[in-house]
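Inside the fold
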Amino acid sequence: MSFSLIGGGARSGKSAFALRRALQRGPERIFIATAQAFDDEMRARIDRHIAERGSDFTTLEAPHDLDEVMRRLALPPTRPDVVVVDCLTLWLSNLLLADLPHEAIERRVDALAEVLASAPFHTWLVTNEVGMGLVPETPLGRAFRDISGRAHQRLARSASEVYLAALGMVLRLRPGPVELAEP
Ligand SMILES: Nc1nc2c(ncn2[C@@H]2O[C@H](COP(=O)(O)OP(=O)(O)OP(=O)(O)O)[C@@H](O)[C@H]2O)c(=O)[nH]1
């Protein structure tokens, strides 16, 4: 079908925007989280998100196998109306931290782009726009920045819509012309 890519910085409102838009689709909604709760602060944050979503979405967790989970969802009998993936960048960092070679990660991004574009439901793919600050000090940080940037270029090529959340607004980059919306 088609997918929307939405990026932005931390607390830019990108996830809330994607969730609101997803609510406008059919009643079978799935939320796929790629985050893992490694400490109490993250656990509390995740619990808040779960409470906010309430019963509007069925939650799946896919910190490493996002591409595989999307492939399975695209097959009958599972047929959601809409899927929200939050977020691409954490999935990429999970793969990097699992020591996957960079080329293998890029192949998985390709596979993800293909399944998102062909799935029989719409997907909102949330991501963090990284790389606009200082050059990261560590090789791992630099690899993450580069892999994220390349993944965004790849995914934007296949996305039917692309949005950027910044300065408390959501800017629609595709389809043009540029449009402003409340975050
Ligand atoms: N494991 C897990 N993670 C979740 C769940 N719900 C949300 N998350 C994670 O929470 C993270 C987003 O939370 P925040 O850090 O508060 O949001 P943010 O990206 O800084 O802010 P926004 O730009 O407003 O979206 C995402 O990485 C999600 O994967 C869940 O049910 N389980």
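For clarity, every value in this text was computed on a predicted model and none was experimentally measured.

**Observations concerning the overall build of the protein**
Counting its regular elements, the protein contains six helices and eight strands. Counting from the amino terminus, helix and strand elements in the protein follow one another as β-α-β-α-β-α-β-α-α-β-α-β-β-β. Whereas a compact globule of 183 residues would reach a radius of gyration of roughly 16 Å, the protein reaches 16 Å, a difference of no more than 12%. Across its three principal directions, the C-alpha atoms of the protein cover 45 × 35 × 35 Å. Taken across its 183 residues, the protein has 43% of its residues classed as buried. Sequence-distant contacts, at least 24 apart, represent 74% of the contacts inside the protein between residues at least 6 apart. As displayed, the protein offers around 9,700 Å² of accessible surface, 55% of which is attributable to carbon and sulfur atoms. Across the protein, 22 positive and 24 negative side-chain charges occur, with their mean positions spaced 4 Å apart.

**Observations concerning the pairing of strand E2 (residues 29-33)**
Burial of E2 is extensive: five of the five residues sit out of reach of the surface. Neither face of E2 is left uncovered, since the one carrying Arg29, Phe31 and Ala33 and the one carrying Ile30 and Ile32 both have all their residues buried. Sheet analysis places E2 next to strand E4 (residues 82-86), joined by five bridges and oriented parallel. The residue bridging Ile30 from the neighbouring strand is Val83, located in E4. Where E2 and strand E3 (residues 58-61) come together, four bridges link them in parallel fashion. Of the residues in E3, the one forming a bridge with Ile32 is Leu60.

**Side note on unusual backbone geometry**
Omega for the peptide link from Pro76 to Pro77 comes to 5 degrees, which places this bond in the cis form. On the secondary structure map, Pro77 appears in the loop between helix H3 (66-73) and E4. At Asp99, a residue that is not glycine, the phi angle is positive and equals roughly 70 degrees. Summarising the element assignment, Asp99 is placed in the loop between helix H4 (88-97) and helix H5 (102-118). The backbone phi angle of Leu167 is positive, close to 55 degrees, even though this residue is not glycine. Along the polypeptide, Leu167 turns up in the loop between strand E6 (161-166) and strand E7 (169-174). The exposure class assigned to Leu167 is exposed, which follows from its relative accessible area of 87%.

**Some thoughts on the packing of H5 against helix H6 (residues 139-158)**
The interhelical angle for the contact between H5 and H6, taken along N-to-C directions, is 25 degrees, at an axis separation of 10 Å. Of the possible angle classes, the one that applies to H5 and H6 is roughly parallel. For the element pair H5 and H6, the recorded crossing hand is right-handed. Contacts from His102, Ile105, Glu106, Val109, Asp110, Ala113, Glu114, Leu116 and Ala117 of H5 reach H6 at Ala143, Ile147, Arg150, Ala151, Arg154, Leu155 and Ser158. Of the residues assigned to the contact of H5 with H6, the class counts are nine nonpolar, two polar and five charged.

**Regarding helix H2 (residues 40-53)**
With 14 residues, H2 should reach 20 Å at 1.5 Å per residue; the first-to-last C-alpha distance of 20 Å fits that figure. Gly54, located one to two residues past H2, shows a positive phi value of around 55 degrees.

**Points about the nonpolar core**
The biggest cluster of nonpolar side chains holds 33 residues, and the ones touching the most others in it are Ile32, Met70 and Leu155. Secondary-structure elements contributing two or more residues to this core are strand E1 (3-8), E2, H3, E4, H4, H5 and H6. The element that contributes the greatest number of residues to this core is H5, accounting for six residues. Residues in contact with Met70, not counting those within four places in the same chain, are Ile32, Val83, Val85, Leu112, Val115, Leu116, Phe121 and Thr123. Counting residues in hydrophobic clusters, the runner-up holds 16 residues, among them Phe17, Val84, Tyr163 and Ala165.

The rules behind the values
Residues numbered from 1 in each chain as written. Predicted model: local features only at pLDDT ≥ 70, side-chain atom pairs only at ≥ 80, totals over all residues. Heavy atoms only, no water. Helix = DSSP H or I, 4+ residues; strand = E, 2+ residues; numbered from the N terminus. Rg over C-alpha atoms; globule rule 2.2 N^0.38 Å. Buried < 20%, exposed > 50% of the residue type's maximum accessible area, 1.4 Å probe, protein only. Contact = heavy atoms within 4.5 Å. Areas by Shrake-Rupley, 256 points an atom, 1.4 Å probe, with all protein chains shown as cover. Lys, Arg positive; Asp, Glu negative; His and termini not counted. Charge placed at Lys NZ, Arg CZ, Asp CG, Glu CD. Pairing = 2+ DSSP bridges. Axes fitted to C-alpha atoms, helices over the stretch in contact; angles between N-to-C directions. Parallel < 35°, antiparallel > 145°, perpendicular 65-115°, else oblique. Left-handed = near helix turned anticlockwise from the far one by under 90°. Nonpolar A, V, L, I, M, F, W, Y, C, P; charged D, E, K, R; others polar. Expected span 1.5 Å × (residues − 1). Core = buried A, V, L, I, M, F, W, Y, C linked by side-chain atoms within 4.5 Å.

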